[in-house]
Every structure is written in structure tokens, then in C-alpha cells.
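What follows is the residue order along each chain.
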Amino acid sequence: MNLSKFNKSVTLNQTLSKHNWFNVGGNAEILFVPEDIKDLIGLLKSKPKKYEIYPIGAGSNILVSDKGIKGITLITKKLNQISIDNFGVITAQAGAVDADVARFARDQERTGLEFLVGIPGTIGGGIKMNSGAFGAEFKDILIDVKAINNLGEIKTFSNKELQMGYRKIGLSKEWIFYEARFKSSKDSKDKITTKMRRIIHLRKEAQPTAVKTGGSTFKNPINKKAWKLIDEAGCRGLQNGDAMISEKHCNFIINLKKSTSQEIEELAQMVQDKVFEKSGIRLDWEIQRVGIK
Ligand SMILES: Cc1cc2nc3c(=O)[nH]c(=O)nc-3n(C[C@H](O)[C@H](O)[C@H](O)COP(=O)(O)OP(=O)(O)OC[C@H]3O[C@@H](n4cnc5c(N)ncnc54)[C@H](O)[C@@H]3O)c2cc1C
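Residues numbered from 1 in each chain as written. Predicted model: local features only at pLDDT ≥ 70, side-chain atom pairs only at ≥ 80, totals over all residues. Heavy atoms only, no water.

Undergrad: Where do I start with the environment of Leu151 in this structure?
TA: Structurally, Leu151 can be placed in the loop between strand E11 (142–148) and strand E12 (154–158). Under the relative-accessibility criterion, Leu151 is labelled partly exposed at 44%. Along the chain, Leu151 and Lys128 lie 23 residues apart, while their C-alpha atoms are 19 Å from each other. Setting aside its immediate chain neighbours within four residues, Leu151 contacts Leu44 and Lys49. (Helix = DSSP H or I, 4+ residues; strand = E, 2+ residues; numbered from the N terminus. Buried < 20%, exposed > 50% of the residue type's maximum accessible area, 1.4 Å probe, protein only. Contact = heavy atoms within 4.5 Å.)

Here's what the structure looks like:
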């Protein structure tokens, strides 16, 4: 790999713990933080094919292995441009923070994106997870997304082509999103602000704030709430080393201080077992576990 060509954006053996909300994980063999989309496409088109690439947005829904990630870890945080056209179509780059996109839409007096204010991720991660809250999800607002794969091929996927379902999409993981378009409609700034304030208030009441967490650990099984099953299995406050099931929201695992990724994984496994014993239901991870096993 011609590192010198991308010397500003590529570094070796960098810790990943500061690139995820849990603050855990080993090193990225190669860390790539592109300055802009041209930089991203340039590297993907010229790198040797053997290097796998793993994208990270805000790292708010991942658990990075203590042994780190092999190949290239892409951090999208600088790809954060947001714009609007004359028809109210909002374009956001993959690394744009969801809350910034919500605030941008509000300032343009456009409604439909308010729910983004409460999701602490980026546009790229949100599309990949079809994230949602308060009755809305990415699927409801996405028009299409531009993506590039490991071979440097570029394609635009429509909302329908992504086959977005509950916290998942039907697209193969080789595709990295870099720019998405969203629909919106006209409303007053006051009404949008009120909706956003309500969302922020409700979240503060229901979820732990200012803690190291990966958000919901498990998906809700059909017609059930994961937090309730975890609570009923007696796991509220359960601890493994410095990893703990939140007292406030049982589906959140918290890194109290210096937890390892392994401690978090073991705790989640303990919860899965206890929930299965109690209810016969095996909880499925929502958090994406990544890196060397
Ligand atoms: C306190 C807290 C509250 C949360 N509340 C909610 C909630 O209400 N609703 C909800 O749905 N989620 C919630 N989450 C989870 C998380 O915020 C969302 O899933 C979010 O959309 C993830 O975005 P991210 O940028 O952090 O993705 P990351 O965690 O960085 O990555 C998640 C997945 O997306 C992939 N990815 C990231 N960027 C790209 C890209 N550009 N192209 C392709 N794939 C990409 C990653 O490879 C990974 O597989 C919460 C998390 C926390 C910590």
C-alpha cells in the first residue's frame, strides 16, 4: 500500500478505544480517517484488494475486540457535510452526526428528521442499523444512499434495494455508505423544536446518560421487550469485572471504569443464558461485535 500518498489520513497501530462509546478494544492495524469523499474513494480504488475495510461512525453500536481489528479501519467522522436542495431533499455525508442532521433540518424548517436528535450515531451507522426511536426509523426518511465497496466500485442504492428491517438491512457488508439523501416536509421551526425537546427529555428519563455504553445490547424479540426479559431474569445491576447491566435500563451494558471488551462479552453471554433459562427466549445481539476473535 502506498502509505505516503495518503500519509495525512492513514496511520498504523492506533488504539480504537477512543473511537467507540464503550471505550474498549485493541488497535487498528491500519487506521484511515479520510479528509473528504475524494480521499475515501481514492484509497479504496487504489489499495490492494486483500485489505478488508471496516467502517466506524460514532462507534455507538459496536463492541471492538481487545485484540483489535485487522486490515483497514475507516473512521468516517470528517465526512460530515450536510446540505438541502430547492425541493427539501437533505443530503448528508456518512460521518455526519445524526443530531446535527436533525438540527440542520429544524433550521431549514423541515420536519420528519426530529427522531435523529436522540440517536448518538452517524448517518452511515444509522442506515446500516436502520436505527430508530419514538416510532420513526431511517427507513421512513431515506431516499437513497451512495456506497463504495472493497473493490472501489460505486453504486447508488434506493431505499427499497436496501431491504431495511428491524435494526438490519439486507445489503452485503462489503458496501460502505458515503452520502445519503433524505426526504422532509415543511413545518414551523417552533413545532419542530418542541418535538425535538420532547424526545431529548424522554430519553434522559429512560436511559443512562454520560456513561460508556453501546446502547441496546440485544434486539427486542417479536412482541417482547429485551429489557423486560433481562429484568425478569434478575439481571438488573449484574456485574462482570467493570462491566455492568445498567440499573436504569437493563438492555444497556455500562463500562464502569476499565472494563475490557471480553468482560462485556462475557456479561452479555451470562444475560443470554439467564434469560433463556427463565423465558426460553434466546436474545440476539443488536451491538455489532467486531475484530479479531
Ligand atoms: C446512549 C445510546 C443510545 C442509543 N439509542 C438508540 C436508539 O434510540 N435507537 C437506535 O436505533 N439505536 C440507538 N443506539 C445505538 C446507535 O446509536 C445506533 O445504532 C447508531 O445509528 C449507530 O451509528 P454509529 O455511527 O455509532 O455506528 P457504529 O456504532 O460506528 O457502527 C454500527 C454499524 O454500522 C456500520 N457502519 C458505520 N458506518 C458505516 C458506513 N459509513 N457504511 C457502512 N456501514 C457503516 C459499522 O460497521 C457497524 O456494523 C444508541 C446507542 C447509545 C450509546
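Undergrad: It is not clear to me how the pairing of strand E13 (residues 176–182) should be interpreted in this structure. Could you clarify?
TA: Taken residue by residue, a regular strand's side chains alternate between the two faces of the sheet. When you tally the buried positions in E13, you get five out of seven residues, the bulk of the element. By the bridge criterion, four bridges tie strand E7 (residues 90–93) to E13 in an arrangement that is antiparallel. Across the sheet, Gln93 pairs through a bridge with Glu179, a residue of E13. Where E11 meets E13, six bridges bridge the pair, whose relative direction is antiparallel. From the neighbouring strand, Lys146 faces E13, where its bridge partner is Glu179. (Pairing = 2+ DSSP bridges.)

Undergrad: Would you mind showing me how to read the sheet that holds strand E1 (residues 10–15) here?
TA: Strand pairing in a sheet takes place through backbone hydrogen bonds and is either antiparallel or parallel in direction. Strands sit in the order E1-E2-E5-E3 across an open sheet of four strands; the sheet is mixed. The sheet is open, and its two borders are formed by E1 and strand E3 (53–56), each paired with just one other strand. Strand-to-strand, the axes of this sheet are offset by a mean angle of 35°, without reference to chain direction. The sheet contact formed by strand E2 (residues 27–32) and strand E5 (residues 69–75) spans four bridges and is parallel. Across the sheet, the residue bridging to Phe32 is Leu74, located in E5. Together, E1, E2, E3 and E5 form the strand contacts of helix H1 (residues 37–46), whose direction differs from that of E2 by roughly 115°. (Axes fitted to C-alpha atoms, helices over the stretch in contact; angles between N-to-C directions.)

Undergrad: In this structure, what is going on with the sheet that holds strand E15 (residues 212–216)? I would like to understand it.
TA: What the four strands build is an open sheet, ordered E15-E18-E17-E16; its pairing is antiparallel. Whereas interior strands pair on both sides, the edge strands pair on one side only; in this sheet they are E15 and strand E16 (239–240). Pairing between E15 and strand E18 (residues 252–255): three bridges, direction antiparallel. Each bridged residue has a counterpart across the sheet, and for Lys212 the counterpart in E18 is Asn255.

Undergrad: Is there a simple way to think about the site of the ligand in this case?
TA: In the neighbourhood of the ligand, 34 residues make up the surrounding shell, with Ser60, Thr122, Ser131, Gly132 and Arg203 lying closest. Contact between the ligand and Gly132: a nitrogen atom at 2.7 Å from a main-chain N or O atom of the residue. In the environment of the ligand, a nitrogen atom lies 2.7 Å from a nitrogen or oxygen atom belonging to the side chain of Arg203. Summarising the interface, the protein chains cover 95% of the accessible area of the ligand, which totals 970 Å² for the free molecule. For the shell around the ligand, the secondary-structure elements that each account for two or more residues are E3, helix H3 (123–129), strand E9 (132–133), E13 and E15. By residue number, the principal contributor to the shell around the ligand is H3, which donates five residues. By residue class, the composition of the shell around the ligand is 15 nonpolar, 16 polar and three charged. (Near = heavy atom within 4 Å. Polar contact = N/O pair within 3.5 Å; in protein donor to acceptor, adjacent residues only side chain to side chain. Areas by Shrake-Rupley, 256 points an atom, 1.4 Å probe, with all protein chains shown as cover. Nonpolar A, V, L, I, M, F, W, Y, C, P; charged D, E, K, R; others polar.)

Undergrad: Please explain the pattern of salt bridges as it appears in this structure.
TA: Side-chain pairs of opposite charge can arise whenever the charged atoms involved come near each other. Summed over all chains, the structure comprises 13 salt bridges. The partner of Asp231 in a salt bridge is Arg236, and the shortest N-O contact between them spans 3.1 Å. Overall, Arg236 belongs to the partly exposed group, its relative accessible area being 32%. Beyond isolated ion pairs, a larger network of salt bridges with shared partners links Arg106, Asp107 and Lys189. (Salt bridge = Lys/Arg side-chain N within 4 Å of Asp/Glu carboxyl O.)

Undergrad: In this structure, what is going on with unusual backbone geometry? I would like to understand it.
TA: A negative phi angle is the norm for most residues apart from glycine, just as the trans form is the norm for most peptide bonds. In this structure, Asn13 takes a positive phi of about 50° despite not being glycine. Looking at the secondary structure, you find Asn13 in strand E1. For Asn13, a relative accessible area of 53% puts it in the exposed group. A positive phi angle, close to 60°, is found at Asn23, a residue other than glycine. Within the secondary structure, Asn23 sits in the loop between E1 and E2.

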